[in-house]
Structures are given as structure tokens and as C-alpha cells.
Amino acid sequence: MRKPFSIFCFLRQEDGTVAILWAMGLVVFFGLVAVSFDIGRIGTTQSELQSYADNVALAAAGELDGKNDAITRATGAANALISDTRTFGSGGTVLSGSADYTLTFHSDLPSSDTAALGADVTTDPALAVFARVEAQPSTVSMTFLRVVNSLLGTNTNAVNALVEAEAVAGFTQEACDITPLMFCLPSSGFKANNNIGTMIQLRSGGQGAAWGPGDFGFLDPTKSDLGATCKNLSGVNLLACLVGAELGVTQCFTQRGVDTEPGQKVGIEDAIFNVRFDIYKSIMNGEKNDPDYPPAPNVISGLVPQGGSCIGQNENPSPDTIAIPRDTCFASGTCPYARVGDSVWDQQSYLDVNHDLDGDGVGSDSHLPQLPVGSRFAGSGTRYELYLREIAYGNSGALPGGDILSGLSETGRPQCSSNMSSRPERRVIIAAGIDCAALAAAGNPINGKETNVPVEEYFELFLTEPVGDDGASPPTLDLWVEILGSAGGDGYGSAGTGGIFRDVVQLYR
């Protein structure tokens with residue numbers, strides 16, 4: 001006979017306990033699986049959006065060189081160069097084009113990475129330094145968690161996650177180990193590679209009146225890291241080292257904004273340039289045996305010492321040699337600009353004086369080796385090409401002692417210094433080309449010490465003759481130079497005739 005049922009019997013029953021535990025464990029297991037899958041989908045979407053934002057920001061920042069069309073180019077690069085895919089989330093599978101992000105440009109960043117951006121938004125291409133990209137948010141449906149909620153009988157409509165991504169990139173062009181010089185361009189749009197062989201008379205600009213085409217000054221090196229050669233120097237000694245030493249000078253000047261100093265500076269003389277021509281005087285008098293200040297391998301200058309083998313405080317014009325000639329338009333007054341030539345020069349007159357081997361008054365360059373076919377200056381007709389061919393002749397050993405000129409007052413090789421550079425580019429300086437006219441028109445004239453001046457381009461300039469001065473205090477200096485081209489191309493990690501040039505594009509946030 002069955003015992004009567006009671007509540008106490010029910011409480012003592014253990015049948016089905018395992019099934020209940022399994023059911024509860026299964027719900028927890030499915031919940032964990034759901035969360036892991038959905039978190040993975042969120043993480044994948046976040047990674048894809050962040051990668052896309054990073055690359056769009058880098059593409060845009062790579063065009064922010066401060067030129068008039070920088071923002072236009074940056075916007076186009078961001079829109080056209082970068083595409084990606086999205087595995088999950090709303091908005092389709094393809095990430096490409098401005099519909100998938102918001103692009104703004106900034107002139108500066110807050111000092112703290114946690115501070116919000118916005119105060120420095122700019123539409124001025126000259127001020128735009130940073131590109132900020134905000135990817136369009138993507139909604140990821142929490143599908144598996146929705147199933148679990150359904151099993152639990154809870155709300156299944158609001159289980160979604162909003163995924164966002166943002167990136168900030170900036171761009172800087174750097175010129176390293178170069179001569180700390182700048183000069184005013186003849187006109188807006190004046191490009192080095194369009195004017196190879198053209199001569200410029202660079203004249204030191206003073207303080208006061210706004211600078212004009214051809215005026216030059218110095219770059220302030222105090223913001224750059226000094227190389228080993230010039231480290232621990234200051235004042236005029238530092239500038240003498242930066243201009244006169246051969247290598248290991250300074251690192252690095254940015255193209256976006258350099259600080260300038262007046263061209264007329266007390267203590268700065270022609271001597272700091274002329275060590276390249278085997279001329280050691282004034283502040284450089286004690287450097288003639290210093291290997292950091294060697295002359296170039298070709299020092300033909302049309303000058304000779306008054307006595308001995310060194311040109312000191314005074315020199316004599318050579319009785320039988322001349323320096324490389326200037327553009328003929330300077331003498332005739334027909335140059336397109338007051339201090340900018342037209343690349344037409346009298347090479348034959350130079351050959352008649354310096355390379356008249358048979359004494360008939362007519363010179364020839366037939367004994368000078370031709371530059372290798374395909375080399376940069378081969379067949380260019382530039383003064384620098386002739387200079388290189390003369391060096392090659394001296395290196396060939398055709399004349400005793402490796403001389404370049406035969407039986408004349410100048411040998412073409414250093415006679416004062418105990419050192420000689422092996423680098424023909426020892427007579428090449430690199431100067432920052434500044435559009436002074438455009439800056440003046442914008443209300444920011446260059447007239448001496450200025451800050452954050454944008455550089456249009458770095459120019460390679462060949463010193464064709466020793467630097468002269470007018471004897472005033474401070475002296476006005478004249479540099480006669482031939483344009484060789486753009487230094488370092490347009491950056492991109494290249495090295496030109498002197499110096500190292502590189503583009504630096506990096507993520508900041």
C-alpha cells in the first residue's frame with residue numbers, strides 16, 4: 001500500500017537533480033559562448049575601423065607640406081589612396097571614400113593625449129600640420145547574446161554595440177647635415193630643377209627693410225641637435241663651424257618652419273665660406289690644418305697669395321688664371337632679375353685662360369675626362385660639370401702631384417692646407433628657398449630674425465668663386481652660386497649632392 005504523499009517526501013526526492021544542473025550549466029555555457037563570439041566580432045570591427053582610420057590619416061598627413069594646395073592634395077589622397085574591408089557591422093563591407101570618415105586638419109595638438117582636439121582646427125594649408133580622421137561609427141549586432149536573452153525571456157531588441165575609431169597623423173620634412181642658410185626666391189613658383197645652371201648673386205640681408213630676391217640669411221641652429229664636429233660651440237664660433245666644417249655639422253631643420261637670423265652678423269665674414277677655396281684668414285686662420293675644415297679638391301679661384309703658399313688677410317688677383325665666369329647678363333645688365341642670371345656663360349674664355357695647353361691663346365677642354373654617360377651632370381653644360389671634369393683630370397695623374405692646371409700660378413689643388421677633401425661637393429652649399437614676396441604680401445615680411453618660416457624647397461648651390469665682402473662692419477657678403485637642382489628631390493629619404501633629406505609621417509594618436 002502506497003504511503004501518503006507529503007511535502008516532506010517531495011523535499012527528500014533527488015530524481016532529476018542532474019538534469020536541472022545541466023540545464024542551468026547549459027544556459028551559462030551558451031552565455032559565455034555568446035559573449036565570446038560577440039566580443040570577438042566587436043574586436044574585429046574595432047581593429048578594422050582603427051586600421052582604416054590610421055591609414056587614411058597617414059595618407060592625408062603625407063601631403064601636409066605647407067604649400068598652397070596641401071589640404072587639397074591631402075583630402076584627395078585620403079579619398080583615393082586608401083580602402084579596406086569590414087567583416088561585421090553596419091555600413092557595408094567596403095571602407096573607401098569620404099563617406100566612411102570625417103577629415104579635419106589641425107595646426108597643433110594639445111600637450112596631453114587625453115585632451116580633446118578642436119581648438120586648433122584650420123583650413124589654412126600653411127598651418128595644417130596634423131590630419132585627424134574619425135571613422136563613421138559602426139553598429140555591431142550582438143547576435144549570440146540576443147539568442148541567450150531570448151532563452152532567458154529578456155529584451156532582445158536593444159542588444160547592439162557601437163564601435164568607433166579615430167586617428168591623428170602629422171607630417172614633417174627634414175633636412176639634415178646641411179649648411180644653415182636661407183635665401184629669398186626670385187619669384188613665387190621658382191623651382192630649382194627648372195633653373196639648373198642659372199647663377200644667383202646672393203647678398204647678405206640686413207635687419208630693417210624687407211628682404212628681396214637673392215637676399216640671404218642664416219638658419220637658427222639652436223633648435224637642432226648638433227653633430228660631433230660643432231658640439232659645445234656657441235655664438236660666432238658655432239656658426240663658423242656650421243658653415244665651414246665639412247661633415248657631422250647639424251641635425252636637422254624642418255621644411256615646415258625654420259627660424260631665420262640676419263645675414264649681416266657681427267663676426268661673420270667671407271672667411272667661413274672660403275676655407276673651401278684653400279683660403280684661411282680671420283676667424284678661420286687657425287683651421288688650415290684641421291681635417292674638419294678641408295679645402296675642396298678643386299680650388300681654382302683666380303686669386304693667389306701675396307707671399308708664401310697661403311692666402312691670408314690679403315690676396316692678389318692671379319696674373320694667369322681666372323675663376324669660373326658668371327652669367328654674361330650680369331655684365332650687360334640684361335638678366336631677368338637684378339641678381340638672378342639666365343644660365344648663359346662664357347666657357348670658352350675660361351678655357352682660353354686656364355686650359356691653353358699649347359700657348360696659342362685658345363684653350364680646349366679635350367684633355368679633361370668626360371663624365372660617365374648617364375651620370376647626373378654629364379652633358380649639362382654647367383659650370384659644375386666643368387669643375388667635376390677638372391677634378392677627374394687631376395685624379396688621373398696626368399700632371400705631377402695631381403695638379404689640375406699646368407705651369408700657372410694656381411695648380412687647382414690646395415697649397416696652403418695640409419688637407420684636401422675627397423668630395424667634389426665640398427664647394428656645394430644647401431640653402432632653404434623662402435618665398436619672401438608671398439610672406440610679405442600676407443603681412444609677414446622677412447627682414448632678419450623670424451620664426452616658423454615655411455621652406456618652399458632646399459636648393460643645391462655651387463660656389464663658383466670665393467665669397468667677397470664690402471669691408472663694412474658688419475660686412476655685406478656676396479655669394480656667387482650656380483643652381484644645381486633640388487636638394488634631396490622632394491624628401492622621401494633621399495640624399496642629394498650634400499645633406500640628407502627625409503619625410504617623417506607618423507601617428508600621434
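For the structure itself, consult the block above.
Report follows, based on the coordinates. Here, residues in each chain are numbered from 1, in the same order as that chain's written sequence. Restriction of local features to residues with pLDDT of at least 70 applies here, the model being predicted, together with a cutoff of 80 or more for giving and counting side-chain atom pairs; totals for whole chains, interfaces and linings are based on all residues. The basis for every side-chain value is the complete set of heavy atoms in the structure, and neither hydrogens nor water enter the calculation.

**Here's the deal with the pairing of strand 9 (residues 199–204)**
- Most of strand 9 is tucked away: five of the six residues are buried.
- Strand pairing is assigned whenever DSSP identifies at least 2 bridges connecting the two strands. Strands are runs of DSSP state E lasting at least 2 residues, helices are runs of H or I lasting at least 4, and numbering of each runs from the N terminus. With five bridges connecting them, strand 9 and strand 21 (residues 477–486) associate as antiparallel partners. Bridging across to strand 21, Ile200 finds its partner in Val481.
- In this sheet, strand 10 (residues 215–219) lies alongside strand 9 in parallel orientation, the contact comprising two bridges. Across the sheet, residue Arg203 finds its bridge partner in strand 10, namely Asp215. Using a 1.4 Å probe on the protein chains alone, a residue whose accessible area is under 20% of its type maximum counts as buried, one over 50% counts as exposed, and one in between counts as partly exposed.

**Section: helix 9 (residues 383–395)**
- The span one expects for a helix is its residue count, reduced by one, times 1.5 Å. For helix 9, which comprises 13 residues, the first-to-last C-alpha distance of 19 Å matches the rise-based estimate of 18 Å (1.5 Å per residue) to within 8%.
- In terms of burial, helix 9 is largely enclosed, as eleven of its 13 residues are buried.
- Of all the positions in helix 9, only Arg383, Tyr384, Glu385, Leu386, Tyr387, Leu388, Arg389, Glu390, Ile391, Tyr393 and Gly394 are classed as buried.
- In what follows, a contact means two residues having at least one pair of non-hydrogen atoms within 4.5 Å. In this fold, the buried residues of helix 9 make contact with strand 9, helix 8 (347–354), strand 17 (428–434), strand 19 (457–463) and strand 21.
- A positive backbone phi angle near 80° is found at Gly397, which sits one or two residues after helix 9.

**Focus on helix 5 (residues 235–244)**
- In terms of residue burial, helix 5 counts as a mostly covered element, since seven of its ten residues are buried.
- Of all the positions in helix 5, only Leu238, Leu239, Ala240, Cys241, Leu242, Val243 and Gly244 are classed as buried.

**Looking at the pattern of salt bridges**
- For this analysis, a salt bridge means a side-chain nitrogen from Lys or Arg found within 4 Å of a carboxyl oxygen belonging to Asp or Glu. Following the criterion strictly, the structure yields 14 salt bridges and no others.
- Linking Glu166 and Arg132 is a salt bridge whose minimum nitrogen-to-oxygen distance equals 3.3 Å. Taken together, the positions of Glu166 in strand 7 (residues 166–176) and Arg132 in strand 4 (residues 130–135) put the pair 34 residues apart, joining distant regions of the chain.
- For Arg132, a relative accessible area of 14% translates into the label buried.
- Glu246 serves as the salt-bridge partner of Arg423, at 3.5 Å between the closest nitrogen and oxygen. Here Glu246 lies in the loop between helix 5 and strand 12 (250–251) and Arg423 lies in the loop between helix 9 and strand 17, a separation of 177 residues in the sequence.
- Residue Glu246 is classed as buried on the basis of its relative accessible area of 19%.
- Among the ionic contacts, a cluster of salt bridges with common partners joins Arg132, Glu134 and Glu166.

**A few points about the nonpolar core**
- Grouped together as the largest cluster of nonpolar side chains are 40 residues, with contacts concentrated most on Phe183, Phe273, Leu461 and Leu479.
- Those elements giving two or more residues to this core turn out to be strand 8 (181–184), strand 9, strand 10, helix 5, helix 6 (271–274), strand 17, strand 19 and strand 21.
- At six residues, helix 5 tops the list of elements feeding residues into this core.
- What Leu479 contacts, discounting residues up to four positions off in sequence, is Leu181, Ile200, Gln201, Leu202, Phe216, Phe273, Ile429, Leu463 and Val467.
- One finds Ala74, Ile82, Ala131 and Ala169 within the second-largest nonpolar core, a separate group that totals 22 residues. What we call a nonpolar core is a set of buried Ala, Val, Leu, Ile, Met, Phe, Trp, Tyr and Cys residues that are connected through their side-chain atoms within 4.5 Å.

**Here's the deal with the state of the cysteines**
- Cysteine sulfur pairs qualify as disulfides if the two atoms are within 2.5 Å. Tallying each qualifying case throughout the model produces three disulfides.
- Disulfide pairing is shown between Cys310 and Cys416; the S-S distance is 2.0 Å. Taking the torsion about the S-S bond as the criterion, the Cys310 to Cys416 disulfide, at about 90°, is right-handed. Here Cys310, found in the loop between strand 15 (303–305) and strand 16 (315–317), pairs with Cys416, found in the loop between helix 9 and strand 17; they are 106 residues apart in sequence, far enough to count as distant.
- The exposure class of Cys310 is partly exposed, given its relative accessible area of 24%.
- Note on Cys416: relative accessible area 11%, which makes it buried.
- Linked covalently through their sulfurs, Cys329 and Cys335 form a disulfide whose S-S length is 2.0 Å. Judged by the sign of its S-S torsion, about 90°, the bond between Cys329 and Cys335 is right-handed.

**Examining the side chain of Asp270**
- Mapped onto the elements, Asp270 comes out in the loop between strand 14 (258–261) and helix 6.
- Among the residues examined, Asp270 registers a relative accessible area of 6% and is labelled buried.

**Overview of the packing of aromatic side chains**
- Stacked, tilted and edge-to-face pairs are distinguished by plane angle, under 30 degrees for stacked and over 60 for edge-to-face with tilted covering the rest, among Phe, Tyr and Trp rings (Trp via its six-membered ring) whose centres lie within 6.5 Å. Tallied over the full model, the rule gives eight aromatic pairs.
- With a centroid separation of 5.2 Å and 80° between ring planes, the pair formed by Phe183 and Phe459 is classed as edge-to-face. In this pair, Phe183 is assigned in strand 8 and Phe459 in strand 19, connecting sequence segments 276 residues apart. Taken individually, Phe183 and Phe459 each receive the classification buried, so the pair is uniform in this respect.
- Measuring from ring centre to ring centre gives 4.8 Å for Tyr387 and Phe462, while their planes differ by 50°; the resulting arrangement is tilted. Of this pair, Tyr387 sits in helix 9 while Phe462 sits in strand 19; the two residues are 75 residues apart in sequence, bridging distant segments of the chain.
- Note on Tyr387: relative accessible area 0%, which makes it buried.
- On the basis of relative accessible area, Phe462 is assigned to the buried category, the value being 0%.
- Members of the aromatic cluster, joined through ring pairs, are Phe377, Tyr384, Tyr387 and Phe462.
- Here, a charge over a ring means that NZ of Lys or CZ of Arg falls within 6 Å of the ring centre while also lying within 35 degrees of the ring normal. Its guanidinium or amino end placed over the ring of Trp480, Arg326 lies 3.8 Å from that ring's centre, counting from NZ or CZ.

**Regarding the environment of Glu385**
- Looking at the element boundaries, Glu385 is found in helix 9.
- Note: C-alpha distance between Glu385 and Leu371 (14 residues apart in sequence) is 7.8 Å.
- Among residues more than four places away in sequence, those in contact with Glu385 are Leu371, Phe377, Ala378, Gly379 and Ser380.
- Polar contacts, as counted here, are pairs of nitrogen or oxygen atoms within 3.5 Å of one another; within protein the pair requires one atom able to donate a hydrogen and one able to accept it, and residues that are adjacent in sequence qualify only if both atoms are side-chain atoms. A polar contact is formed between the side chain of Glu385 and the backbone nitrogen of Gly381, at a distance of 2.8 Å.

**What to know about unusual backbone geometry**
- For Asp278, which is not glycine, the phi torsion reads 65° and is therefore positive.
- One can find Asp278 in the loop between helix 6 and strand 15.
- In this model, Ser343 sits at a positive phi of 75°, which is unusual for a non-glycine residue.
- Mapping Ser343 onto the fold places it in the loop between helix 7 (328–332) and helix 8.

As far as function goes, none of this settles anything; it's purely spatial.
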